[in-house]
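Remarks on the overall topology
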Amino acid sequence: MQRLTKQFIDNHWVDSQATRRLTVTDPYRQETLAELTAGDAADVDAAVAAARRAQPDWQALGGERRAVYLEAFAEALTERREALMQLSARNNGKALAETAIDLDDAIACYRYYAGQARALEARQGRLVEHAMEGVEALTYEDPAGVVGLITPWNFPLVTSAWKIAPALAAGCTVVFKPSEVTPLPEQAVAEIALEIGLPSGVLNLVHGDGDGIGAPLTAHPGVDKLSFTGSNAVGEKVMRAAAEGSRGVSLELGGKSPILVLDDAEVEAAADWVMAGIYFNSGQICSATSRLIVDESLAEPLYAALASRIDAIRLGDPLADDTDMGPMTGARQRQAVERYLAIAAEESLTAVRDARHRELPNQGEFIAPTLYRDVPTDSRLWREEIFGPVLCARSVASEAEAVALANESAFGLAATVISGDAERAKRVGRALRAGSIWFNSEQLVMPEAGWGGFGISGIGRELGPWGLSAYLEVKHLIGPAG
Ligand code: NAD
């Protein structure tokens, strides 16, 4: 068992004075992997002070030189790839293939923002085209300052890379709070900072939970901007904290994304996409396409095709090559999903496959993959994010009805359209209210394309040039020309 009693502040591992401890568990073996110090406000104060001291020099270094560090992050993650996959499989309960996606997307993100840091440097001081005679106007983009970054547990390496890489590229310095549920893979980010010689104080990592670290970090007047990924309930708290001092905030929150199977779709291919959209990572994906909206002409064959695929999912040890689906990431998340399954029973929802249809492995926090059909639109299972392997389906009589039903949600993170005609799928996709819309594909994410949601799925965008803008302040110098 590891003991994570230290915080990473100013390039030193320092003992937290906090005495509260949290345990980090392996959700398959149900054993303790590490004991974690639940840090407190004093740790946050020290980390913010270090980040403030480091910020001017990090900004002055310029985008070209910051890019070299970002590339070094990508290199170091690549070198540790196998070890981190194993660690993530143990801490998250992800099947190994899923940990590879988390890691590879994180590596691609650091590389992409190295390029963005260079591009930022190259465009500093560009002339503004305008109609005012004899006047010169120049545009600069400065870093927002010290940023507080908070991440969840479902894709620990990628959710942190989406924040840390653009923040560092922009010239911000960072106080990073990983999830207390999966601090082990996240710890690597601090180890790498030290290994690659990142200047002191540029990246600080403070371990702890929401009350101990999250709340003091979001309330800290020395933090200029906050970026949070997690649940809506906590996101709203973060936003309230940011209101104090009128500080900026970006939020990546939950989803209840639809997948539309149109009447011209090929059933077997559609079934494959539906499966990929909900059961991947045991359904613990913010962008899971958890509401299936199928044309009534295809509903019966599609449900049959899904039932046989669900039965073929192999649940088991995340470290085993023949495992398709690991356990939920911890007892708390298993219990949260079970509460929804109890509601399904109370509401007598019709199950194509319910949670009791199969034997579960005799250890681990498992939930069987489930599929409910004809779910009423006022059911909590249809409306709320479950964050587990629970698919809810309804059939519709037309394309227009499918679009209206898809858009009838407070969330708007992602959506998928499956059709035999790619042009039709794109046209329908354009009518949907979501940040990422996949046509005849699922869960494709690339650092060049933005990520984020409409409605209550969040505020702002990560990735792409938008992800960098979140950490920049635009300024203009204007005066007599020449
Ligand atoms: P969570 O909101 O419980 O926790 C997220 C983080 O916030 C953790 O680090 C936690 O310690 C911290 N936190 C808790 N209380 C806090 C407080 N008062 N102040 C500041 N920080 C606090 O979420 P979770 O259970 O870790 O993750 C699951 C949620 O994350 C789901 O809703 C999912 O949709 C969402 N998510 C969204 C995206 C996206 O890109 N939109 C990506 C991944 C996950």
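About the criteria used
- Residues numbered from 1 in each chain as written.
- Predicted model: local features only at pLDDT ≥ 70, side-chain atom pairs only at ≥ 80, totals over all residues.
- Heavy atoms only, no water.
- Helix = DSSP H or I, 4+ residues; strand = E, 2+ residues; numbered from the N terminus.
- Rg over C-alpha atoms; globule rule 2.2 N^0.38 Å.
- Buried < 20%, exposed > 50% of the residue type's maximum accessible area, 1.4 Å probe, protein only.
- Contact = heavy atoms within 4.5 Å.
- Lys, Arg positive; Asp, Glu negative; His and termini not counted.
- Charge placed at Lys NZ, Arg CZ, Asp CG, Glu CD.
- Phe/Tyr/Trp six-rings, centres within 6.5 Å; stacked < 30°, edge-to-face > 60°.
- Axes fitted to C-alpha atoms, helices over the stretch in contact; angles between N-to-C directions.
- Parallel < 35°, antiparallel > 145°, perpendicular 65-115°, else oblique.
- Nonpolar A, V, L, I, M, F, W, Y, C, P; charged D, E, K, R; others polar.
- Near = heavy atom within 4 Å.
- Polar contact = N/O pair within 3.5 Å; in protein donor to acceptor, adjacent residues only side chain to side chain.
- Areas by Shrake-Rupley, 256 points an atom, 1.4 Å probe, with all protein chains shown as cover.
- Pairing = 2+ DSSP bridges.
- Expected span 1.5 Å × (residues − 1).
- Salt bridge = Lys/Arg side-chain N within 4 Å of Asp/Glu carboxyl O.
- Domains from an automatic or database assignment.
- Buried area = accessible area lost by both parts, 1.4 Å probe.

Thoughts on the overall build of the protein chain
- Scanning the protein chain for helices and strands turns up 15 helices and 23 strands.
- Whereas a compact globule of 482 residues would reach a radius of gyration of roughly 23 Å, the protein chain reaches 23 Å, a difference of no more than 12%.
- Each of the 482 residues in the protein chain was classed as buried or not, and the buried ones make up 58%.
- Partitioning the contacts of the protein chain with sequence separation of at least 6, the portion at a separation of at least 24 is 73%.
- Computed over 44 positive and 66 negative side-chain charges, the inter-centroid distance for the protein chain is 3 Å.

Here we look at the packing of aromatic side chains
- Here the structure, examined in full by the defined rule, presents nine aromatic pairs.
- Between the aromatic rings of F73 and Y110, the centroid separation amounts to 5.0 Å while the plane-to-plane angle is 10°, which identifies the pairing as stacked. One end of the pair, F73, is in helix α2 (residues 63–79); the other, Y110, is in helix α4 (residues 96–123), with 37 residues separating them in the sequence. Assigned by exposure class, F73 and Y110 land together as buried.
- Here the aromatic rings of Y112 and Y113 are separated by 4.8 Å at their centres, their planes lie at 80°, and the arrangement is edge-to-face.

A few points about the packing of helix α1 (residues 41–61) against α2
- Direction vectors running N to C along α1 and α2 enclose 105°, while the axes themselves pass 6 Å from each other. Classed by the angle they form, the pair α1 and α2 counts as roughly perpendicular. Contacts between α1 and α2 involve W58, Q59 and L61 from the former and R65, R66 and Y69 from the latter.
- Its residues placed into classes, the contact of α1 with α2 shows three nonpolar, one polar and two charged.

Side note on the site of the ligand
- Neighbouring residues of the ligand: 27 residues in total, closest T151, E180, S231, L253 and E385.
- S231 places a polar side-chain atom, nitrogen or oxygen, 2.6 Å from an oxygen atom of the ligand.
- Bound to the protein, the ligand loses 91% of the 860 Å² it would expose on its own.
- With three residues, helix α7 (residues 210–219) is the single largest residue contributor to the shell around the ligand.
- Tallied by class, residues from the shell around the ligand come to 12 nonpolar, nine polar and six charged.

Let's talk about the side chain of S160
- Structurally, S160 can be placed in helix α5 (residues 156–170).
- Of note is the side chain of S160, whose polar atom sits 3.1 Å from the side chain of E186.
- Every residue in contact with S160, bar those within four places of it in the chain, is listed here: T151, F176, E186 and V189.

A look at the sheet that holds strand β6 (residues 126–127)
- Taken together, three strands build an open sheet; the order of strands is β6-β7-β23 and the sheet is antiparallel. Sheet topology places β6 and β23 (472–480) at the edges, where each strand pairs with a single neighbour.
- Across two bridges, β6 lies against strand β7 (residues 135–143) in antiparallel orientation. Across the sheet, L127 pairs through a bridge with L138, a residue of β7.
- Strands in contact with α4 are β6, β7 and β23; relative to β7, the strand with the most contacts, it is inclined by about 155°.

Here's the deal with α4
- Look at α4: 41 Å from first C-alpha to last across 28 residues, which is about the 40 Å you get at 1.5 Å a residue.
- Following α4 by one or two positions, G125 has its phi on the positive side, about 80°.

A look at the pattern of salt bridges
- Going through the model one piece at a time under the given rule, you end up with 37 salt bridges.
- K475 is paired through a salt bridge with D142; the nearest N and O atoms lie 2.6 Å apart. Taken together, the positions of K475 in strand β23 and D142 in strand β7 put the pair 333 residues apart, joining distant regions of the chain.
- Classification of K475 as partly exposed rests on a relative accessible area of 39%.
- When the shortest N-O distance is used, the salt bridge between E236 and R240 registers 4.0 Å. Of this pair, E236 and R240 both sit in helix α8 (residues 232–243), four residues apart, roughly one helical turn.
- Each of D26, R29, E31, R90 and D317 takes part in salt bridges that share partners, so that together they form one network.

Examining unusual backbone geometry
- Positive phi values are uncommon outside glycine, yet N440 reaches one of about 45°.
- Among the secondary structure elements, N440 is positioned in the loop between β20 (436–439) and β21 (454–455).
- Its relative accessible area of 27% is what places N440 among the partly exposed residues.
- Residues other than glycine seldom take positive phi values, yet Q443 does so here, at roughly 55°.
- Of note, Q443 is situated in the loop between β20 and β21.

Remarks on the pairing of strand β17 (residues 390–396)
- Summarising burial for β17: five of the seven residues are buried, a large majority.
- Relative to β17, strand β14 (residues 289–295) runs parallel, the two being bridged by five bridges. Paired with D295 across the strands is V396, a residue of β17.
- Relative to β17, strand β16 (residues 370–373) is paired through three bridges, and the arrangement is parallel. Residue L371 lies in a different strand from β17, and its bridge partner there is L391.

Some remarks on the domain arrangement of the protein chain
- Under the domain assignment, the protein chain is made up of domain 1 (2–253 + 457–480) and domain 2 (258–446).
- Counting residues at the interface gives 28 residues for domain 1 and 31 residues for domain 2.
- Across the domain 1/domain 2 interface, buried area totals approximately 2400 Å², and carbon plus sulfur atoms make up 57% of it.
- Its largest share of buried area at the contact with domain 2, domain 1 owes to Y28, W153 and S457, together 28% of the area lost on that side.
- Where domain 1 packs against domain 2, one counts one salt bridge.
- Note that D317 and R29 form a salt bridge whose closest N and O atoms lie 2.8 Å from each other.
- Where domain 1 meets domain 2, there are 14 residue pairs in polar contact (both at pLDDT 80 or more).
- Taken together, the elements giving at least two residues each to the side of domain 1 that touches domain 2 come down to α3 (81–92) and α4.
- Here the side of domain 1 that touches domain 2 is composed, by residue class, of 12 nonpolar, nine polar and seven charged.

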